[in-house]
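# What the coordinates show
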Amino acid sequence: GAVVSQHPSRVICKSGTSVKIECRSLDFQATTMFWYRQFPKQSLMLMATSNEGSKATYEQGVEKDKFLINHASLTLSTLTVTSAHPEDSSFYICSARDPFSGGGDYNEQFFGPGTRLTVL
Amino acid sequence: LAKTTQPISMDSYEGQEVNITCSHNNIATNDYITWYQQFPSQGPRFIIQGYKTKVTNEVASLFIPADRKSSTLSLPRVSLSDTAVYYCLVGPFQQGNTPLVFGKGTRLSVIA
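Bear in mind that the values here come from a model prediction, so they are computed numbers and not experimental data.

## Observations regarding the overall build of chain A
What chain A contains, in helices and strands, is 0 helices and 11 strands. Helices and strands appear in chain A in the N-to-C order β-β-β-β-β-β-β-β-β-β-β. Here the C-alpha radius of gyration of chain A, 14 Å, is about what a compact globule of 120 residues would show, namely 14 Å. For the C-alpha atoms alone, the extent of chain A along its principal axes is close to 45 × 30 × 25 Å. Counting only contacts in chain A whose residues sit at least 6 apart along the sequence, the fraction spanning at least 24 positions is 55%. Looking at chain A, you have 11 positive and 11 negative side-chain charges, and the mean spots of the two groups are 8 Å apart.

Following this line, the structure appears as structure tokens:
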């Protein structure tokens, strides 16, 4: 199947600093990527939809000025956590749909391995 | 998107068949049923998707009754490595870039 990578896999930062997480589709082009956040023992929570060449769409309750999303190319979306605080510590996961996966018969989304953010 | 209900957790011994049932009473005509598997500290992995009747692949089978108000993921002869969280998702995934909305999932523990 298609591969989605994330970088870094793990990051520790001080409170008040900004952290950038990259999401790349390695062998396909993704006009749309999604960003999720997952706290321990909880399910994935959709944060935003990242659209190539246009503004991201944020879910209700997600601060767009805090979680900056840039989808500058068909294979790269970035999530920047600005002025991070300990409550932003979480597992951040991106996903992308390969429009040609499964012969185009179904919408199979491929997930990245996730990025563990710890804010001290 | 249709709301889904599945057991919070399940235990099974190695070698047994595991069936995880998901209820989705409000499923719409154009909704598909998709199951994902997630290991700790990893992104979810697609397992199987179906619309009606039965779908089988090399990993699992998906049984969907005629009314489509529920579905059952069947994992044959589980091993310790199948210990994970399994998510049932329902939505119009056939077309477009619809985001996946995850419920609580079922935490499967396989015991030796």
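Anyway, onward from the coordinates.
## Observations concerning unusual backbone geometry
The peptide bond linking His 7 of chain A to Pro 8 of chain A adopts the cis configuration, its omega dihedral lying at 0°. As for its position among the elements, Pro 8 of chain A is in the loop between strand S1 (4-7) and strand S2 (10-13). Within the chain, Lys 41 of chain A stands out as a residue other than glycine whose phi angle is a positive 65°. One non-glycine residue, Arg 77 of chain B, lies in positive phi territory at about 45°. Along the chain, the position of Arg 77 of chain B falls in the loop between strand S7 (70-75) and strand S8 (84-91).

## Points about the sheet that holds strand S4 (residues 45-50) of chain B
Hydrogen bonding along the main chain pairs the strands of a sheet, whether they run parallel or antiparallel. All names here are of chain B. The mixed open sheet is built from 5 strands, whose spatial order is S1-S9-S8-S3-S4. Edge positions in the sheet fall to strand S1 (9-13) and S4, since each has one partner strand and no second. Each strand of the sheet is rotated relative to its neighbour by a mean of 25°, with strand direction disregarded. Where strand S3 (residues 32-38) meets S8, 7 bridges bridge the pair, whose relative direction is antiparallel. Note that in S8 the partner of Ile 33 across the bridge is Val 90.

## Quick look at the state of the cysteines
Taken as a whole and assessed by the stated rule, the structure comprises 2 disulfides over all chains. Between the sulfur atoms of Cys 23 of chain A and its disulfide partner Cys 94 of chain A the distance amounts to 2.0 Å. Taking the sign of the S-S torsion, about 85° here, the bridge from Cys 23 of chain A to Cys 94 of chain A comes out right-handed. Linking Cys 23 of chain A in strand S3 (residues 19-25) with Cys 94 of chain A in strand S9 (residues 90-97), this pair joins segments that are 71 residues apart in sequence. Of the two residues examined, Cys 23 of chain A and Cys 94 of chain A, each falls in the buried class. The disulfide partner of Cys 22 of chain B is Cys 88 of chain B, and the S-S distance across this bridge is 2.2 Å.

## Let's talk about the side chain of Ser 61 of chain B
All names here are of chain B. Relative to the helices and strands, Ser 61 resides in strand S6 (residues 61-64). In this structure Ser 61 comes out as buried when scored by relative accessible area, which is 14%. Beyond its immediate stretch of four places on either side in the chain, Ser 61 contacts Ile 48, Lys 54, Val 55, Thr 56, Thr 72, Leu 73 and Ser 74.

## Topic: the packing of aromatic side chains
The full count for this structure, using the stated rule, is 10 aromatic pairs over all chains. Measuring from centroid to centroid gives 6.4 Å for Phe 67 of chain A and Tyr 92 of chain A, while their planes differ by 40°, and the two rings are tilted. Taken as a pair, Phe 67 of chain A in strand S7 (residues 67-73) and Tyr 92 of chain A in strand S9 lie far apart in primary sequence, 25 residues in all. Classification of Phe 67 of chain A by relative accessible area gives buried; the value is 4%. The exposure class assigned to Tyr 92 of chain A is buried, which follows from its relative accessible area of 0%. Seen from their ring centres, Phe 111 of chain A and Phe 102 of chain B are 5.8 Å apart, and the 75° between their planes marks the pair as edge-to-face. Remark: Phe 102 of chain B occurs in the loop between S8 and strand S9 (106-111) and Phe 111 of chain A occurs in strand S10 (residues 109-111); the pair is interchain, linking two chains. Stacked on the ring of Tyr 51 of chain B, the Lys or Arg Arg 68 of chain B has its end atom at 3.9 Å from the ring centre.

Parameters and conventions
Residues numbered from 1 in each chain as written. Chains lettered and ligands numbered in written order. Predicted model: local features only at pLDDT ≥ 70, side-chain atom pairs only at ≥ 80, totals over all residues. Heavy atoms only, no water. Helix = DSSP H or I, 4+ residues; strand = E, 2+ residues; numbered from the N terminus. Rg over C-alpha atoms; globule rule 2.2 N^0.38 Å. Contact = heavy atoms within 4.5 Å. Lys, Arg positive; Asp, Glu negative; His and termini not counted. Charge placed at Lys NZ, Arg CZ, Asp CG, Glu CD. Pairing = 2+ DSSP bridges. Axes fitted to C-alpha atoms, helices over the stretch in contact; angles between N-to-C directions. Disulfide = S-S within 2.5 Å. Buried < 20%, exposed > 50% of the residue type's maximum accessible area, 1.4 Å probe, protein only. Phe/Tyr/Trp six-rings, centres within 6.5 Å; stacked < 30°, edge-to-face > 60°. Lys NZ or Arg CZ within 6 Å of the ring centre and 35° of its normal.

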